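# Report on the structure
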Amino acid sequence: MARFRKDPDPRFWRLNRSLPFDWQLAIYDIDQSRAHARGLAEIGVLDAGELEKMVAGLDRVESRMAEHGFAFDDADEDIHMAIERLLGEEIGPLAGKLHTGRSRNDQVATDVAMVVQAHSLRAIELCGAAMERLLALAETHRDWPMPGYTHLQRAQPVYLGHHLLAYYWMLARDVLRFQFALDSASVMPLGSGALAGVNWEIDRDSVAADLGFAHVSHNSIDGASNRDFVLDYLAAASACAMHLSRLGSEIVIWSSSEFGFCELDESFSSGSSIMPQKVNPDSAELLRAKSPRVAASYATLLGVMHALPLTYGKDMQEDKEPLFDAIDTVEACLDATAGMLEGIGFDRERMEEASGDEMLAATEVADLLVRRGVPFREAHGIVGDLVRDAVEHGKSLSELTPVELKQRSELLDESYYEVLQRSSWLESKRIAGGTGSAPLAAQIEAARETLSAVQARVREERS
Ligand code: ARG
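In short, a report on the structure. (Residues numbered from 1 in each chain as written. Predicted model: local features only at pLDDT ≥ 70, side-chain atom pairs only at ≥ 80, totals over all residues. Heavy atoms only, no water.)

Near the ligand you find Ser18, Asp78, His80, Arg104, Asn105, Val108, Tyr312, Gln317 and Lys320, and these make up its full shell. Between the ligand and Tyr312 there is a distance of 2.5 Å, counted from an oxygen atom to a side-chain nitrogen or oxygen. Measuring from an oxygen atom of the ligand, one finds a side-chain N or O atom of Lys320 at 2.6 Å. Counting residues per element, the shell around the ligand draws most heavily on helix 6 (residues 104-140), which supplies three residues. Grouping the constituent residues of the shell around the ligand by class yields two nonpolar, four polar and three charged. (Near = heavy atom within 4 Å. Polar contact = N/O pair within 3.5 Å; in protein donor to acceptor, adjacent residues only side chain to side chain. Helix = DSSP H or I, 4+ residues; strand = E, 2+ residues; numbered from the N terminus. Nonpolar A, V, L, I, M, F, W, Y, C, P; charged D, E, K, R; others polar.)

On to the packing of helix 10 (residues 228-254) against helix 11 (residues 282-305). For any two helices packed against each other, the geometry comes down to the angle between their axes and how far apart the axes lie. Direction vectors running N to C along helix 10 and helix 11 enclose 160°, while the axes themselves pass 7 Å from each other. Our classification of the angle between helix 10 and helix 11 gives roughly antiparallel. Where helix 10 crosses over helix 11, the handedness of that crossing is left-handed. Here the contact of helix 10 with helix 11 is composed, by residue class, of 17 nonpolar, six polar and two charged. (Axes fitted to C-alpha atoms, helices over the stretch in contact; angles between N-to-C directions. Parallel < 35°, antiparallel > 145°, perpendicular 65-115°, else oblique. Left-handed = near helix turned anticlockwise from the far one by under 90°.)

Turning our attention to a nonpolar patch on the surface. Where nonpolar side chains cluster on the molecular surface, the patch consists of Leu195, Ile221 and Leu310 and spans about 280 Å² of accessible area. Structurally, the position occupied by Leu195 is in the loop between strand 3 (187-188) and helix 8 (204-211). (Patch = residues over 30% accessible without salt bridge, like charges linked within 9 Å, V, L, I, M, F, W, Y side chains within 5 Å. Areas by Shrake-Rupley, 256 points an atom, 1.4 Å probe, with all protein chains shown as cover. Salt bridge = Lys/Arg side-chain N within 4 Å of Asp/Glu carboxyl O.)

In this section: helix 11. Over its 24 residues, helix 11 extends 36 Å from the first C-alpha to the last, a length consistent with the 34 Å expected when each residue adds 1.5 Å. Every buried residue of helix 11 is listed here: Ser283, Ala284, Leu287, Ser291, Val294, Ser297, Leu301, Val304 and Met305. Buried residues along helix 11 sit in contact with helix 9 (220-225), helix 10 and helix 12 (320-342). At the exit of helix 11 stands Ala307, carrying a positive phi of roughly 60°. (Expected span 1.5 Å × (residues − 1). Buried < 20%, exposed > 50% of the residue type's maximum accessible area, 1.4 Å probe, protein only. Contact = heavy atoms within 4.5 Å.)

With that settled, the discussion passes to unusual backbone geometry. Put simply, Leu310 and Thr311 share a cis peptide bond, and its omega is 0°. Following the sequence through the fold, Thr311 ends up in the loop between helix 11 and helix 12. Notably, His151 is not glycine yet its phi reads approximately 55°, a positive angle. Mapped onto the fold, His151 is located in the loop between strand 1 (145-150) and strand 2 (153-159). Judged by its relative accessible area of 74%, His151 is exposed. For Ala307, which is not glycine, the phi dihedral falls at a positive 60°. Structurally, Ala307 is set in the loop between helix 11 and helix 12.

Let us look at the pairing of strand 2. Relative to strand 2, strand 1 is paired through six bridges, and the arrangement is antiparallel. Its bridge partner being in strand 2, Gly148 is matched across the sheet by Gln156. (Pairing = 2+ DSSP bridges.)

Within helix 8 the residues assigned to the buried category are Val207, Ala208 and Leu211. Along the long axis of helix 8, the arc covered by the buried residues comes to 100°, so they all point the same way. What points out from helix 8, more than 90 degrees from its buried face, is the exposed set Asp205 and Ala209. Where helix 8 is buried, its residues contact helix 3 (26-42), helix 6, strand 3 and strand 4 (215-216). (Arc of directions from axis to C-beta.)

We now examine the nonpolar core. In terms of nonpolar packing, the biggest core is built from 113 residues, with Met54, Met131, Leu171, Phe178, Tyr233, Trp254 and Phe346 touching the most fellow members. For this core, the leading source of residues is helix 6, giving 17 residues. If we ignore the near neighbours within four places in the chain, the residues touching Leu171 are Cys127, Ala130, Met131, Leu134, Cys240, Leu244 and Leu334. The next biggest cluster of nonpolar side chains, apart from the first, holds 22 residues, and it includes Ala362, Leu368, Leu369 and Leu386. (Core = buried A, V, L, I, M, F, W, Y, C linked by side-chain atoms within 4.5 Å.)

The subject of this paragraph is the packing of aromatic side chains. Counted according to the given criterion, the structure contains eight aromatic pairs. Between Tyr149 and Phe259, the ring centres sit 5.9 Å apart and the planes meet at 45°, which makes this aromatic pair tilted. Of this pair, Tyr149 sits in strand 1 while Phe259 sits in the loop between helix 10 and strand 5 (262-263); the two residues are 110 residues apart in sequence, bridging distant segments of the chain. Seen from their ring centres, Phe178 and Tyr233 are 5.5 Å apart, and the 50° between their planes marks the pair as tilted. Residue Phe178 is located in helix 7 (residues 160-184), and its partner Tyr233 is located in helix 10; the two are separated by 55 residues in the primary sequence. (Phe/Tyr/Trp six-rings, centres within 6.5 Å; stacked < 30°, edge-to-face > 60°.)

Set out below in structure tokens:
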């Protein structure tokens, strides 16, 4: 840098240099530079010939990088300096005009906002693909009974389709979160300069339109210091990865011999190096284990930004590694989820057998008493006693005799045995959002509509 007489100490350089990770900004930085050059030409800072030369030079830098990879100089501090140097090799001193009316502070904020926009959209697309698989599975398994759990203890039977759709709605909310991140990254910081704005009246709206930003920032101080859009992406990615970890965890449990509810396709499993019989659900285990590192990225950047005085501080260079890592992780997890769900197989008999446990009908018996005027709390107590009687005498609930029933409540008659017919336990959940076939059909319809809206949104953004 101009006023310096000494070279940076290598110990400082190692800490300071961001090229090992910010090379990933290159395509965005070059795009941004072409738009900035057009903005400069609009106000006469570059003449038509200079603009043409500069854009052609940037194009060549881009193709050089694409062809030969990112071969940078040890002296390059970051991707922005590297690209300016490479541009100089292409077009000579004219390259020095590109940084007119721009600071690396608004430049880097703009690059990172472009990354967040691109990858929020990609996340929405990948969520849509996973939702599509879940919906297809829910439709084909809409009438397969299985036990629903609380505390991982059998609680009440549900249809497998209903259970799978629970994950569908989690991802649908993730789509909304990624959409929020996309919108918050659609405000262009470029033009904020170092912090106060710049001395050139570049038409920011026109540069924004050129780069696909919906708005320009209102305040240059905020523009140079804002990384909320990165935090918004990381928050969305953390929630999404957490949802996938719960799905992964259930698949691990369900695919154990003890449960035997499902089996992953071999292409998403691995074998044991010592035990030939084993098929391990590694993909599901990794979904479970990847989630904390995404949340850690979120926590890292919140920590970096915490109490940071306005505007830019070099601290903010530390936004990139957590962001890039979260992007790689959540995209890999979403992609693997869709693939894993393509080949998953469920065991109807095992699930049905497990859901046939009569104890799962305890709430149904309580509700029978409630229909006969017993307050629910009291009914809960009576059924609790019946369950204890049954367990103590080594009987199932339906094996209790009419005499034994009458000892607990005068109101328990033949209907008690009807309620214990298992087909009624699921279909009794007729309330909207319940597992019964009718509300489940309505839910599937709503899920179809939501999915079409997500897919239409992606198509619209991509067109
Ligand atoms: N590499 C820097 C970053 O990622 C670019 C901005 C540098 N700005 C500065 N004033 N030193 O944040």
